[in-house]
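Here is what each chain is made of, one letter per residue.
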Amino acid sequence: MAEKLEPAKVLYCGVCSLPAEYCEFGPDFARCKPWLIDNAPDLYPDLLKEANEKGVDNVSDKLQAVGISGADGAATSSSQTGGTSKKEEVKRLPGGKVKKKERQEVIIEKVVRNKRKCITIVKGLEGFGIKLSDASKKLGKKFATGASVVKGPTEKEQIDVQGDIIYDIVEFITDTWPDVPERSIFFIEDGKKVQAG
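The text that follows walks through the structure, step by step, so that each part is easy to find. Bear in mind the structure is a predicted one, so any value in this text is a computation, not a measurement.

## Some details on the overall build of the protein
Here's step 1: Regarding its fold elements, the protein presents five helices and six strands.
Here's step 2: The order of α-helices and β-strands along the protein, N terminus first, is α-α-α-β-β-α-β-β-α-β-β.
Here's step 3: Looking at the protein as a whole, 26% of its 197 residues are labelled buried.
Here's step 4: Nonlocal contacts in the protein, meaning residues at least 24 apart in sequence, comprise 37% of its contacts between residues at least 6 apart.

## Considering the sheet that holds strand β3 (residues 147-151)
Here's step 1: Overall, mixed pairing links the six strands, which are arranged β3-β4-β2-β1-β5-β6 in an open sheet. Bordering the open sheet on either side are β3 and β6 (192-195), each of which pairs with just one other strand. Sheet twist, expressed as the average angle between the axes of neighbouring strands with direction ignored, equals 30 degrees.
Here's step 2: Here strand β2 (residues 117-123) runs beside strand β4 (residues 157-162); their pairing, made up of four bridges, is antiparallel. From the neighbouring strand, Ile 121 faces β4, where its bridge partner is Asp 160.
Here's step 3: Helix-sheet contacts for helix α4 (residues 132-143) involve β3 and β4, and the interaxial angle to β4 is about 10 degrees.

## Observations regarding the pairing of β3
Here's step 1: Across five bridges, the pairing between β3 and β4 is antiparallel. Within β4, the residue paired with Val 150 across the bridge is Gln 158.
Here's step 2: Between the end of β3 and the start of β4, which pair antiparallel, lie five residues, with Glu 155 showing a positive phi angle near 65 degrees.

## Observations regarding the nonpolar core
Here's step 1: Ranked by internal contacts, the top residues of the largest apolar core, which has 23 residues, are Val 106, Ile 108, Leu 125, Ile 169, Ile 173 and Val 180.
Here's step 2: Listed by contribution, the elements that provide at least two residues to this core are β1 (106-113), α4, β4, α5 (168-176) and β5 (185-189).
Here's step 3: Of all hydrophobic cores here, the second largest spans 10 residues; its members include Cys 16, Trp 35, Leu 36 and Leu 47.

## Some details on the pattern of salt bridges
Here's step 1: Under the counting rule described, the total for this entry stands at four salt bridges.
Here's step 2: Two residues, Glu 105 and Lys 193, come together in a salt bridge whose shortest N-O distance is 2.7 Å. Of this pair, Glu 105 sits in the loop between α3 (72-89) and β1 while Lys 193 is found in strand β6, placing the two residues 88 residues apart along the sequence.
Here's step 3: In this structure Glu 105 comes out as buried when scored by relative accessible area, which is 15%.
Here's step 4: In this structure, Asp 164 engages Lys 110 in a salt bridge whose closest nitrogen and oxygen atoms are separated by 3.5 Å. Of this pair, Asp 164 sits in the loop between β4 and α5 while Lys 110 sits in strand β1; the two residues are 54 residues apart in sequence, bridging distant segments of the chain.
Here's step 5: With relative accessibility at 35%, the residue Lys 110 sits in the partly exposed group.

Rules behind the numbers
Residues numbered from 1 in each chain as written. Predicted model: local features only at pLDDT ≥ 70, side-chain atom pairs only at ≥ 80, totals over all residues. Heavy atoms only, no water. Helix = DSSP H or I, 4+ residues; strand = E, 2+ residues; numbered from the N terminus. Buried < 20%, exposed > 50% of the residue type's maximum accessible area, 1.4 Å probe, protein only. Contact = heavy atoms within 4.5 Å. Pairing = 2+ DSSP bridges. Axes fitted to C-alpha atoms, helices over the stretch in contact; angles between N-to-C directions. Core = buried A, V, L, I, M, F, W, Y, C linked by side-chain atoms within 4.5 Å. Salt bridge = Lys/Arg side-chain N within 4 Å of Asp/Glu carboxyl O.

Structure (structure tokens):
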């Protein structure tokens, strides 16, 4: 008779929830290292050596911070606390990516459809605290065209204005909403971002 096979026992990482063998390919291996050193030292022997070397350095740093080695200890302890607060300020997204702060800018783009009809797209007005529905009404009245608020390809709302008013719209935006500086208005021409003005 054939032997019954036992299921394989897999150790999963407590940080990234991948099997411990695959942590190095995960989103943030640096965060997994302490867990791996404690729970799976045989999988990554290099980490254990590295941790032992750093451990010796950490002990000497702690002794200096306590003040055993002299006056330099106060300076090292203050620099160590400053370094940890900067790491906490960085916001991480799933997958280990760092979130960048969005710049406030208005992007104006002209899209041609059916070789004759033009649509002017205005993106980014909501970053300056402007209600897009009110802005689309004002743009429609000023230029005597249809204007509507629609969701763009990035799921952000934008204003579509019928007609080629790409160069006239900059002056109207800066006059109507003084909070929007002209240096933060950009055109997209031939796939390149060009500053207005």
